Amino acid sequence: MVLSSSVRNSLITVVAPAVWGSTYLVTTELLPPDRPLLASVVRALPAGLILVALGRALPRGHWWWRALVLGILNIGAFFYFLFVAAYHLPGGVAALVMSVQPMIVLLMGAGLLGVRIRAVHIYSCILGAVGVGLLVVQPGAGLDHVGVFAGLAGAASMASGIVLTKRWGRPDGVGVLTFTGWQLTVGGAVLLPFMAIGEGLPGVVTAENVSGFLYLSVIGALLAYAVWFRGIEKLPALAISFLSFASPLAAALLGYLVLGQSLSTVQLIGAAIVVGAVIIVVAAGSHPSKGGRGTVGIATSVEV
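Rules used in this analysis
- Residues numbered from 1 in each chain as written.
- Predicted model: local features only at pLDDT ≥ 70, side-chain atom pairs only at ≥ 80, totals over all residues.
- Heavy atoms only, no water.
- 1 Å grid on protein atoms, 1.4 Å probe; cavity = no way out; pocket = protein on both sides within 12 Å on 5 of 7 lines; lining within 4 Å.
- Points joined across faces, edges and corners; volume = space filled by probe spheres on them.
- Helix = DSSP H or I, 4+ residues; strand = E, 2+ residues; numbered from the N terminus.
- Nonpolar A, V, L, I, M, F, W, Y, C, P; charged D, E, K, R; others polar.
- Phe/Tyr/Trp six-rings, centres within 6.5 Å; stacked < 30°, edge-to-face > 60°.
- Buried < 20%, exposed > 50% of the residue type's maximum accessible area, 1.4 Å probe, protein only.
- Lys NZ or Arg CZ within 6 Å of the ring centre and 35° of its normal.
- Patch = residues over 30% accessible without salt bridge, like charges linked within 9 Å, V, L, I, M, F, W, Y side chains within 5 Å.
- Areas by Shrake-Rupley, 256 points an atom, 1.4 Å probe, with all protein chains shown as cover.
- Salt bridge = Lys/Arg side-chain N within 4 Å of Asp/Glu carboxyl O.
- Core = buried A, V, L, I, M, F, W, Y, C linked by side-chain atoms within 4.5 Å.
- Expected span 1.5 Å × (residues − 1).

Participant: Hey, could you run me through empty space enclosed by the protein in this one?
Facilitator: Remark: the empty space left among the atoms is shown by a probe the size of a water molecule rolled over them. Inspection of every chain in the model, using the stated rule, returns 2 cavities of 30 Å³ or more. Taken as a whole, the largest cavity holds about 220 Å³ of empty space. Taken together, 15 residues make up the lining of the largest cavity; nearest its centre are Tyr24, Phe78, Met98, Ser244 and Ser247. Put simply, the parts of the chain that give the lining of the largest cavity at least two residues each are α2 (15-20), α5 (63-88) and α13 (246-258). For the lining of the largest cavity, the per-class residue count stands at 11 nonpolar, 4 polar and no charged.

Participant: What's the story with the environment of Leu268 in this structure? I'm lost.
Facilitator: With respect to the helices and strands, Leu268 occurs in helix α14 (residues 265-286). Distance in space between the C-alpha atoms of Leu268 and Leu249 is 9.9 Å, their sequence separation being 19 residues.

Participant: Could you clarify how one ought to interpret the packing of aromatic side chains in this entry?
Facilitator: The geometry of two aromatic rings is summed up by the distance between their centres and the angle between their planes. This model, assessed by the stated rule, comprises 12 aromatic pairs. Summarising the aromatic geometry, the rings of Trp20 and Trp228 are spaced 5.1 Å apart at their centres and angled 65° between planes, so their arrangement reads as edge-to-face. Of this pair, Trp20 sits in helix α2 while Trp228 sits in helix α11 (residues 207-234), and the two are 208 residues apart along the sequence. We note that Trp20, like Trp228, is buried. When the ring of Trp63 is compared with that of Phe179, the centres are 5.8 Å apart and the planes differ by 85°; the resulting orientation is edge-to-face. Here the residue Trp63 occupies a position in helix α5, and Phe179 occupies one in helix α10 (residues 176-198), the gap between them amounting to 116 residues. Grouping residues by exposure puts Trp63 and Phe179 together as buried. For the cation-ring pair, Arg43 lies above Phe79, with the distance from its terminal atom to the ring centre recorded as 4.4 Å.

Participant: Sorry if this is basic, but what is going on with a nonpolar patch on the surface here?
Facilitator: On the surface, a nonpolar cluster with roughly 790 Å² of combined accessible area is contributed by Leu107, Ile117, Ile122, Tyr123, Ile126, Val130, Leu134, Val266 and Ile269. Its location among the elements puts Ile269 in helix α14.

Participant: Looking at this model, I keep getting lost on the nonpolar core. Mind explaining?
Facilitator: Soluble globular proteins tend to pack their nonpolar side chains together in the buried interior. Among the nonpolar cores identified, the biggest contains 45 residues, and Leu184, Tyr225, Trp228 and Phe242 are the most heavily contacted of them. Top contributing element to this core by residue count: α11, with 7 residues. Core analysis: the next-biggest nonpolar cluster, separate from the first, contains 12 residues, Val26, Ala39, Val41 and Met195 among them.

Participant: Whenever I open this one, α13 confuses me. Can you help?
Facilitator: Counting along an α-helix, one turn takes 3.6 residues, and residues three or four places apart therefore face a common direction. With 13 residues, α13 extends 17 Å between its outermost C-alpha atoms, agreeing within 8% with the 18 Å of an ideal straight helix rising 1.5 Å per residue. Along α13, the positions that sit buried rather than exposed are Ala246, Ser247, Pro248, Ala250, Ala252 and Gly255. Within two residues after α13, Gly260 carries a phi angle of roughly 75°, on the positive side.

Participant: Would you take a moment to explain the environment of Gly175 for this structure?
Facilitator: Turning to its location among the elements, Gly175 is positioned in the loop between α9 (145-168) and α10. Once the C-alpha coordinates of Gly175 and Gly55 are considered, the two residues, 120 residues apart in sequence, prove to be 7.7 Å apart.

Participant: Sorry, what's going on with unusual backbone geometry here?
Facilitator: Generally, phi is negative for residues other than glycine and the peptide bonds are trans, each holding for most cases. Phi at Asp34 takes a positive value of approximately 60°, unusual for a residue other than glycine. Phi at Arg56 is positive, roughly 55°, even though this residue is not glycine. Position of Arg56 among the secondary structure elements: in the loop between α4 (36-55) and α5.

This is the structure in structure tokens:
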């Protein structure tokens with residue numbers, strides 16, 4: 001069986017959000033409590049500096065400010081809001097709040113990428129959010145206004161980063177690892193002074209803390225973001241956004257395997273709905289309509 005390029009690239013790219021689904025588990029089980037800025041900086045900055053050093057290339061011309069914007073949206077602001085949401089909300093509720101991301105991508109894509117919004121995209125956004133809700137939200141799940149705001153802000157930040165990355169592309173002659181390194185470095189560097197002033201370093205760092213930070217930096221940032229930015233180049237932006245639904249799926253599975261949490265029939269139905277929504281969007285991108293520019297198919301020059 002020969003997989004289409006869209007399906008093949010989707011299977012590769014989905015690894016990144018699946019890895020990010022472990023963020024909630026690692027944050028609550030391994031990291032020092034109530035230090036979202038520290039977690040964000042340690043996750044981004046070391047990995048970014050390593051990639052920049054290996055790539056031996058710095059931005060040039062207008063790519064200085066573009067790298068700054070993308071680094072803040074994709075990494076700095078997103079990481080911070082993600083960890084704030086993780087500390088203030090149950091993982092499932094945080095994932096549900098951030099499931100509005102595909103709708104934001106859809107609307108921004110219409111404005112910045114000049115694409116046409118199709119009914120299938122709206123239905124898929126709604127379907128995906130419903131599936132996430134069934135999958136992750138349990139009776140009595142607590143809501144915290146700070147966590148909800150952070151989740152929405154994080155969704156808007158990543159959605160903006162996806163669309164602008166799609167619009168601007170990558171500089172000629174710069175590899176995806178170096179491009180990833182620029183953004184991780186910017187994101188971590190922007191947050192560093194706020195971390196130093198607002199949180200500082202914990203008095204005690206345990207072996208568990210170190211293992212959690214290493215995992216988030218090497219696996220969750222360096223490797224996962226390289227796969228993610230490659231996927232943004234290869235796939236429509238809306239399909240990329242929908243692949244992020246793998247994060248709550250992975251979070252629920254890890255809760256079941258690691259924490260002994262049960263998976264109810266309703267949750268399994270929700271998981272199936274999420275997978276179905278992703279398949280619909282990927283399939284829609286694999287079969288573009290005849291409108292040429294302005295559609296969402298991967299054969300078009302401008303994609304969502």
